[in-house]
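Analysis of the macromolecular model
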Amino acid sequence: MRSFEVGLEPYICSYCGFCRETKSSCPIFKETRWEKNTARGKLHLARALLDGKISKKDIFPALTEAVLNCTLCGACEEVCQNHIPLVRTWKALRGFVQDNWPINLSKFVESLVQTKNIFSLDNAEERMLWDMDDIAENRVNKPAPLAYFVGCVTSFSGRMGHVAERMTEVLMELELDFTILGGKEWCCGDPLLLLGLRDEAIAFAKHNVAALRNLGVKEVITTCSGCYKTLGLEYNTLLGENLGINVYHHSQFLKKLIDEKQLSFKKSIEKKVAFKDPCELGRLAGIYNAPREVINALPGAELVELPFNRHEARCCGAGGVFKVIDPGMVMSLGDRMAQEIADSQAEIVANGCPTCYDNISLAARRQGHNYRVVDLIELVHEALNL
Amino acid sequence: MKRKAKEALKDQFADKIAFDKATRMLYSRDVGVLPRLVSLAIKPVPDAVFLPRDEKEIVDLFRIANQYKIPVIPRGAGTSGYGGALAYRGGIMVDLTAITEVEEISAEDMTVTAGAGITFSNLEAILSSKNQALRSYPSSAPSATLGGWFAQGGSGIGDLLYGSFRDQVLSVRLIRPDGEIIELRGNAISQHYELEGITGIITRLSLKTRKATPIKPILGSFQSIDQLMNAMDTLLEILTPFAINIETPTFIRLRQQATGEVLLSEDNYYALLAIEELNKNSESVVAESIENQGGNIEDTEKATYEWKERFFPLRLKRLGPGIILGESYIPNDRLRVYIEAIEKKFRRDEPSVEAHIISKKEAAVLIYFCDDDRRLTAMFALSKILQIMNLATKLGGRPYSTGLWLSGKKREFFGVERLKEIKKLKKTSDPSGIANPGKILGGKVRILPFVPISMALRIAAPFMKIGNTIFRYRRSKTFPPPSRHGREIRG
């Protein structure tokens, strides 16, 4: 059994229950309404375990279900009046109950560790499948100061490959000296961290850092908020050193290019555009302004806000490895999100995370909504008229 | 619970009812942490937890509960600490927080009708889109439910200007234990108010609302509680703010320590005044009242911060990591004496005092003590609650609530006449006694079923007081780990 590293958090909880009905609202509690799916309930279960108030036989199934039924969106942490680092606690508890995980989740991790990507595909052979037109062929493994870290969902999902294409085309248009790791890119390790498997994630971090250093990379761009958070905010801590590599979410990088007047837009968007704050970019990494500033810089685009935005943004439902844990609920949470967008003024909803993008676009299609779902880079690409 | 009853419940409600130990355990506490010895007095773990989505399901539940004589305990968000939403001898816990539908918002009558399980904050957000707002709400508004506050009672923010929550309620829908659904109006509402659901389950309420006029917070700081109270006395003769909240230096010091955010001087007493429709005239009245008593008006940033903090008095818990809370109503003219007495009597225990002036006559005083409920001897510290209440009574105050633990205070709380009415009402509406037994009218100790809980507490009180002196809690100066207040916005 793994060690229990949640410390005092279960005792600090004041039981106020503000985590039940926050503005951004715990997506799982909203759907299930059971106390065990609230942060308060999970901490209470952990406390009962620490106090020996209830037998392990009785507590483990409930605790496992409670900590896995979570998208790790951080909505609970945002409103916790006792400032408990809840997301960190859920990750630790997920690792703690690893022996009780459902078989599909254990297999997922086993396969991720083996294949180095979340789709169980041949990493070396298929990582570049998104590049159907070979636009990035001569960029793979090319020594360069800048790297585009594509990420698993964009590389393999088949539905998000165009995001990598658009990003690559913009970088090429700007004649930037950049590289792509191709088959040498491994999963960033975020799913492992989200499951409390820190040691396993360290191996992934070591590999990716070595691959980047081999090519002389000093700056990295990602189009995935999970990759951004992991490479940019977690790797230094995981590896215990300052890696000296600047990591940008593409919204930050695009904003930098706009500030430096390197982007000259030629086409007008003429639509109301909302940015869907990804949980891992907003609440968990503190990036809210950069994507909005990019939208504001697009000719004709009118920035509008979704009813719940920035630190109060609603989770799309697909984060926290929840797609592996409960794909059915991910769909219904996606439907809820898609409806919320439909009820807003937005004609285009721009994303900064392929997981949100995928879940929202599928839900919007299922429900027949006619707003456009895109990644931020698609709008930039369009405005550049490439 | 009998096997047949369990089967009947399972057949009727399928996945809306849970019997597993972990889920039941989650509903065995409220905001107060129960010492282990409590299991000698009550059985707080329910036999089942039921999550109804509509009234019909509650009617069905009462049918089965009556058939098998099973207690039914209604519960909102469990944010009170008096045990009103706890099981007393097991039974079925009914979590009403899924009944949240807003049925009607009338712009003409300025009223709203909503499910008992909706939270005050969620309802306020919905009302604000119609340019309306709640007249009063509890400081636990982000999670507290309409039904919960009606059943539990207590004071809140806005009471000073608009009266208690009872005054806001126009009608209540109640499912009696015999399954009959009744609509309460007028005096009938008062009869069922603050009864913890011992006469049935509340499913819907209609409330008066106010125009969503902005509330302007003003923060006054004073060197003594005397100055502060003099200023408030003068002010209240001329103006009635939406709310007045008083905080002592210890409250400010500990909260700032818990959050790591230091905005206010830790030597002052503070009065936060929330004023509806502030105009130049009222602003100058407030300024004069404060400054004439030697007080200072703090800047807008600090006032706004304090106003936002009105929902978060439990931040102090981080320092314990436990907290003990005692509450009482005190006449306004005795408030300064009471606060001084508390500060003197418990000076070694760092009493953090917060007082809400809820009417021109009375204030609700909340006193927080940091503690560590992991200590085996933490139960002795609960004697502070009784000591606080006794002191309040001596000064003409009254208990804040009854619930389960303070059912011994029912006469002081309700008065003799109202208590007679309650007993009569309970007898007629719940002859089999399945609706939230043990609450208000008093329960018996589980292992000594001839001893009322109130009597057991009375007997235990002096021993607890001695225990509290011997095993006094000393807050570690190195605890807690640094707080993470808010997130860094990177861009």
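Glancing now at the overall build of chain A. Within chain A one finds 19 helices and eight strands. Taking 21 Å as the expected radius of gyration for a compact globule of 386 residues, we find that chain A reaches 21 Å, a close match to that expectation. For chain A, the spread of C-alpha atoms along the principal axes amounts to about 65 × 45 × 35 Å. Relative to its full complement of 386 residues, chain A shows a buried share of 63%. Expressed as a percentage of contacts within chain A between residues at least 6 apart in sequence, the contacts between residues at least 24 apart total 77%.

Each helix and strand counted, chain B has 17 helices and 18 strands in total. Referenced to the eigenvectors of the C-alpha coordinate spread, the extents of chain B come out at roughly 70 × 60 × 55 Å. Residue burial in chain B is summarised as follows: out of 491 residues, 60% are buried. Considering only contacts in chain B between residues 6 or more positions apart, those separated by 24 or more positions represent 73%.

Within this structure, the stated rule accounts for 57 salt bridges over all chains. Two residues, A:Arg40 and A:Glu35, come together in a salt bridge whose shortest N-O distance is 2.7 Å. Residue B:Asp349 is joined to B:Arg472 by a salt bridge in which the shortest nitrogen-to-oxygen separation is 2.6 Å. Taken as a pair, B:Asp349 in the loop between α13 (335–345) and β16 (352–357) and B:Arg472 in the segment after α17 (453–470) lie far apart in primary sequence, 123 residues in all. Accessibility assignment for this pair places B:Asp349 and B:Arg472 in one class, buried. Bridged by salt links that share partners, the residues A:Lys91, A:Asp190, A:Lys229, A:Glu234 and A:Glu280 form one connected network.

All names here are of chain A. Here the structure, examined in full by the defined rule, presents zero disulfides over all chains. Cys-26 takes part in no disulfide bond, and the closest cysteine sulfur, belonging to Cys-73, lies 6.3 Å away. Cysteine Cys-188 shares no disulfide, and the gap to the nearest cysteine sulfur, in Cys-227, comes to 4.0 Å.

Bringing a nonpolar patch on the surface into the picture now. Together, B:Leu37, B:Leu40, B:Ile447, B:Leu448 and B:Phe450 make up an exposed nonpolar region whose accessible area comes to about 510 Å². Look at B:Phe450 and you get exposed, because its relative accessible area is 65%.

Here the focus is the interface of chain A and chain B. Facing the 46 residues of chain A at the interface are 52 residues of chain B. Carbon and sulfur atoms supply 55% of the area buried between chain A and chain B, which totals about 4,200 Å² over both sides. For chain A, the biggest contributors to the area lost against chain B are A:Tyr15, A:Trp34 and A:His83; these three give 18% of the whole. Viewed at the interface, chain B and chain A are joined by two salt bridges. Elements with a minimum of two residues in the side of chain A that touches chain B: α1 (9–12), α2 (27–32), α3 (39–51), α4 (56–68), α5 (75–79) and α15 (289–297) of chain A. No other element matches α3(A), which puts seven residues into the side of chain A that touches chain B. When grouped by side-chain class, the residues that make up the side of chain A that touches chain B number 22 nonpolar, eleven polar and 13 charged.

This next bit is on the sheet that holds strand β17 (residues 362–371) of chain B. All names here are of chain B. Strand order in the open sheet formed by eight strands is β14-β11-β13-β12-β16-β17-β15-β18, with antiparallel pairing between adjacent strands. The strands lining the two open edges of the sheet, one partner per strand, are β14 (296–297) and β18 (398–399). Sheet analysis places strand β11 (residues 215–222) next to β14, joined by two bridges and oriented antiparallel. Residue pairing in the sheet places Gly-220 in a bridge with Ile-297 of β14.

It is worth spelling out the nonpolar core at this point. Core analysis: the largest hydrophobic core is formed by 149 residues, its most contacted members being A:Leu45, A:Trp90, A:Leu171 and A:Val220. Core analysis: the second largest hydrophobic core is formed by 58 residues, B:Tyr88, B:Met229, B:Ile275 and B:Ile385 among them.

Conventions we followed
Residues numbered from 1 in each chain as written. Chains lettered and ligands numbered in written order. Predicted model: local features only at pLDDT ≥ 70, side-chain atom pairs only at ≥ 80, totals over all residues. Heavy atoms only, no water. Helix = DSSP H or I, 4+ residues; strand = E, 2+ residues; numbered from the N terminus. Rg over C-alpha atoms; globule rule 2.2 N^0.38 Å. Buried < 20%, exposed > 50% of the residue type's maximum accessible area, 1.4 Å probe, protein only. Contact = heavy atoms within 4.5 Å. Salt bridge = Lys/Arg side-chain N within 4 Å of Asp/Glu carboxyl O. Disulfide = S-S within 2.5 Å. Patch = residues over 30% accessible without salt bridge, like charges linked within 9 Å, V, L, I, M, F, W, Y side chains within 5 Å. Areas by Shrake-Rupley, 256 points an atom, 1.4 Å probe, with all protein chains shown as cover. Buried area = accessible area lost by both parts, 1.4 Å probe. Nonpolar A, V, L, I, M, F, W, Y, C, P; charged D, E, K, R; others polar. Pairing = 2+ DSSP bridges. Core = buried A, V, L, I, M, F, W, Y, C linked by side-chain atoms within 4.5 Å.

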